[in-house]
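# Summary of the model geometry
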Amino acid sequence: MAPVLLLIDLSKNLLAPGAVPDAAKVSAVIEGLLARARSAGALVIHARPADGPGAAGPPGGPEESSRGTLHRGPADEPVVEWEGPHAFAGSGLAGLIPVGAEVIVAGAESEGGVRATALAALDRGHRVVLVRGAHASHRAGMARETEATLRAAGVVVVAPESVTFEPGGGPTDR
C-alpha cells in the first residue's frame, strides 16, 4: 500500500513570506513532496481547521484566493475541515486513510495541528512519518522541538529526500 501525504493547515497566510521562519524553504520542500506524491499517484489529503483561514468558502472558491489552502491541487485531492485539536476530529479523515497506510505528514503550526494530528494517526495504528523541513511554526525553534517530541512518541522523522511514495518503501528514521 502506498503512503498517504497529509498536509496540515497549509493556508496561504501561514506560509506567506515572512509569516514563519523559513517560510519559502518550507513551502519548497512541501512542493517537492507534492510533486513526487502526485507523480506516484499517491493519495494527497489537505486538512484545515473548520474555523481557520479559507473556511468561509469551498476549496478553490473566491474566499480562498488570499487566505485558503496553499498548494491546492487537482479536484480529486480531498480537503477535510476539522473541529477540535487534530485533523481527525469531526472531519471524516479516518475514513479517507486506508487501514494500515503509512501517513506522511507536513504542514504549518508544528506545535499545534501537525503535532496533534501525527499523534492521533499513531493512536489509530498508522506508521507516521514527519518530514524535516516540511513543517513550520511562528515560534523560532518550535519545529525542532516538535520533531523531538514526536520522535519520542514513535513518529519517524526523516529528511525530505528520503521520502518515497512507493508501496512498502517508506523512509527510515535519519
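Shown above is the structure to which this text applies.
Because the structure is predicted, anything quoted here is derived from the model rather than measured.

Here we come to the overall build of the chain. Within the chain, the secondary structure is distributed over five helices and six strands. Starting at the N terminus and ending at the C terminus, the chain contains elements arranged as β-α-β-α-β-α-β-α-β-α-β. By the burial criterion, 49% of the 174 residues in the chain qualify as buried. Sequence separation of at least 24 residues holds for 75% of the intrachain contacts in the chain that already meet a minimum separation of 6.

Before going further, it helps to spend a moment on the packing of helix 4 (residues 110–123) against helix 5 (residues 142–153). Interaxial distance between helix 4 and helix 5 falls to 10 Å at its minimum, and their mutual angle equals 15 degrees. Comparing the axis directions of helix 4 and helix 5 gives the class roughly parallel. Pair helix 4 / helix 5 crosses with right-handed handedness. Contacts from Ser 110, Glu 111, Arg 115, Ala 118, Leu 119 and Leu 122 of helix 4 reach helix 5 at Met 142, Ala 143, Thr 146, Thr 149, Leu 150 and Ala 153. Across the contact of helix 4 with helix 5, the residue classes break down as seven nonpolar, three polar and two charged.

For the rest of this paragraph, the subject is helix 1 (residues 23–40). Taking 1.5 Å of rise per residue, 18 residues should cover 26 Å, and helix 1 covers 26 Å from first to last C-alpha, within 8% of that figure. All of the buried residues in helix 1 are Ala 23, Val 26, Ser 27, Ile 30, Leu 33, Leu 34 and Ala 37. Buried residues of helix 1, viewed axially, fall in a sector of 125 degrees; they line one side. Exposed residues lying more than 90 degrees from the buried face of helix 1 are Ala 24, Lys 25 and Ser 39. For helix 1, the elements touching its buried residues are strand 1 (4–8), strand 2 (44–49), strand 4 (103–108) and strand 5 (128–136). Positive backbone phi, approximately 75 degrees, marks Gly 41, located one or two places after helix 1.

Right, let's talk about helix 4 for a bit. Compared with the 20 Å implied by 1.5 Å per residue over 14 residues, the 18 Å span of helix 4 between its first and last C-alpha is a close match. Taken together, the buried positions of helix 4 are Ser 110, Gly 113, Val 114, Ala 116, Thr 117, Ala 118, Ala 120 and Ala 121. Where helix 4 is buried, its residues touch strand 1, strand 3 (79–82), strand 4, strand 5 and helix 5. Gly 125, located one to two residues past helix 4, shows a positive phi value of around 90 degrees.

The calculated volume of the largest pocket comes to roughly 330 Å³. Taken together, 17 residues form the lining of the largest pocket, with Asp 22, Val 26, Gly 133, His 135 and Ala 143 sitting closest to its centre. Contributions of two or more residues to the lining of the largest pocket are made by helix 1, strand 5 and helix 5. For the lining of the largest pocket, the class distribution of residues is seven nonpolar, four polar and six charged.

Reading the values: the criteria
- Residues numbered from 1 in each chain as written.
- Predicted model: local features only at pLDDT ≥ 70, side-chain atom pairs only at ≥ 80, totals over all residues.
- Heavy atoms only, no water.
- Helix = DSSP H or I, 4+ residues; strand = E, 2+ residues; numbered from the N terminus.
- Buried < 20%, exposed > 50% of the residue type's maximum accessible area, 1.4 Å probe, protein only.
- Contact = heavy atoms within 4.5 Å.
- Axes fitted to C-alpha atoms, helices over the stretch in contact; angles between N-to-C directions.
- Parallel < 35°, antiparallel > 145°, perpendicular 65-115°, else oblique.
- Left-handed = near helix turned anticlockwise from the far one by under 90°.
- Nonpolar A, V, L, I, M, F, W, Y, C, P; charged D, E, K, R; others polar.
- Expected span 1.5 Å × (residues − 1).
- Arc of directions from axis to C-beta.
- 1 Å grid on protein atoms, 1.4 Å probe; cavity = no way out; pocket = protein on both sides within 12 Å on 5 of 7 lines; lining within 4 Å.
- Points joined across faces, edges and corners; volume = space filled by probe spheres on them.

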